[in-house]
Amino acid sequence: MKCNSSWRLFMFGLVMMLGTSVVAGGCSKASQGRSSEFVAGQRMQHDPALPFHQVWRKPGIRWEDYRKLYVAPVNTAYMLKTTEWEQGLRKGEIEQDVQKIAGYTQEAIKKAFREDEKKRLQVVDTDTSQPDVLILEVALTEMVPSKVVLNTLGYAPFGIGLTIQAVRGIAEDRSTVAIEVRGRDGATKEIVFMLADREAQQTDPVGAKGLTWYSHAYRIIDTWANQFVRVANRDRAAGEVIE
């Protein structure tokens, strides 16, 4: 029994060493997520010049006609259920946390465009029918924490396990977030572009103060917000690639 207890402590330490980080770490491309009904996935395809899994744009669209941007409240109705890990959380708690991240996402995008030195698009706070307004509709479709984070927070049902294979599986597991976006013409309300992407946090901030199951989402969302600005400023004539 004493030997078994020591082995458990050793394996726990190994998991934490392999699978955690204090604050450092960025985002990396995760495998493509499942498409929701928010965008027409069958119409989209990968564009190597853009940093997203799939995109679609209306043929003949004139981007230069849009000078203003309205970021609509973020949609969470299409959040794909991940019941495996949700067993450790109350439904009301999840809904409250998701809405918090939705609000952060909307503000992060607006902030990124407002701080853009090129001022390509002026952010407006109310939906209008002006022809030079581009309406950005965003949906969070997935937000899943890694098993390492869930273990650290004490959520069931993820035990540490006693094999190297179990340690490796937990250590390589990553927190993910998926997003789908529609762009509408302010005057006609016609959809003029769509995109879908899914990102993973390279390292989880397990040692960070105030850790929550959704802590990984902030960095990923900030990355998307900055990518949206860079895509808006992209030199399309020169075939600029945005990474």
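Residues numbered from 1 in each chain as written. Predicted model: local features only at pLDDT ≥ 70, side-chain atom pairs only at ≥ 80, totals over all residues. Heavy atoms only, no water.

## Details of the overall build of the protein chain
Counting its secondary structure elements, the protein chain contains 6 helices and 9 strands. The buried share among the 243 residues of the protein chain stands at 50%. Restricting to contacts in the protein chain with at least 6 residues of sequence separation, those with at least 24 account for 81%. With an accessible surface of roughly 12,700 Å², the protein chain has 53% of that area assigned to carbon and sulfur atoms. (Helix = DSSP H or I, 4+ residues; strand = E, 2+ residues; numbered from the N terminus. Buried < 20%, exposed > 50% of the residue type's maximum accessible area, 1.4 Å probe, protein only. Contact = heavy atoms within 4.5 Å. Areas by Shrake-Rupley, 256 points an atom, 1.4 Å probe, with all protein chains shown as cover.)

## Considerations on the pattern of salt bridges
Overall, the coordinates contain 12 salt bridges when judged by the stated rule. A salt bridge links Glu190 to Lys58, with the shortest nitrogen-to-oxygen separation between them at 3.0 Å. Of this pair, Glu190 sits in the loop between strand S7 (176–185) and strand S8 (191–201) while Lys58 sits in the loop between strand S3 (54–57) and strand S4 (68–71), and the two are 132 residues apart along the sequence. Exposure remark for Lys58: the relative accessible area of 30% places this residue in the partly exposed category. A salt bridge links Glu137 to Arg184; the nearest nitrogen and oxygen atoms lie 2.9 Å apart. On the criterion of sequence distance, the pair formed by Glu137 in strand S6 (residues 133–144) and Arg184 in strand S7 is long-range, its members being 47 residues apart. For the pair formed by Glu137 and Arg184, the shared burial category is buried. When salt bridges that share partners are traced, they join Glu107, Lys110, Arg114 and Asp125 into one network. (Salt bridge = Lys/Arg side-chain N within 4 Å of Asp/Glu carboxyl O.)

## Re the packing of aromatic side chains
For any pair of aromatic rings, the description rests on two quantities: the centre-to-centre distance and the angle between the ring planes. The tally for this structure, following the rule as stated, stands at 5 aromatic pairs. Measuring from ring centre to ring centre gives 5.9 Å for Phe52 and Phe228, while their planes differ by 50 degrees; the resulting arrangement is tilted. One end of the pair, Phe52, is in the loop between strand S2 (27–29) and S3; the other, Phe228, is in helix H6 (residues 216–232), with 176 residues separating them in the sequence. Each of the two residues, Phe52 as well as Phe228, counts as buried. Linked through ring pairs, Tyr104, Tyr214 and Tyr218 together constitute an aromatic cluster. Positioned above the aromatic ring of Phe38, the side-chain terminus of Arg182 is 3.8 Å from the ring centre. (Phe/Tyr/Trp six-rings, centres within 6.5 Å; stacked < 30°, edge-to-face > 60°. Lys NZ or Arg CZ within 6 Å of the ring centre and 35° of its normal.)

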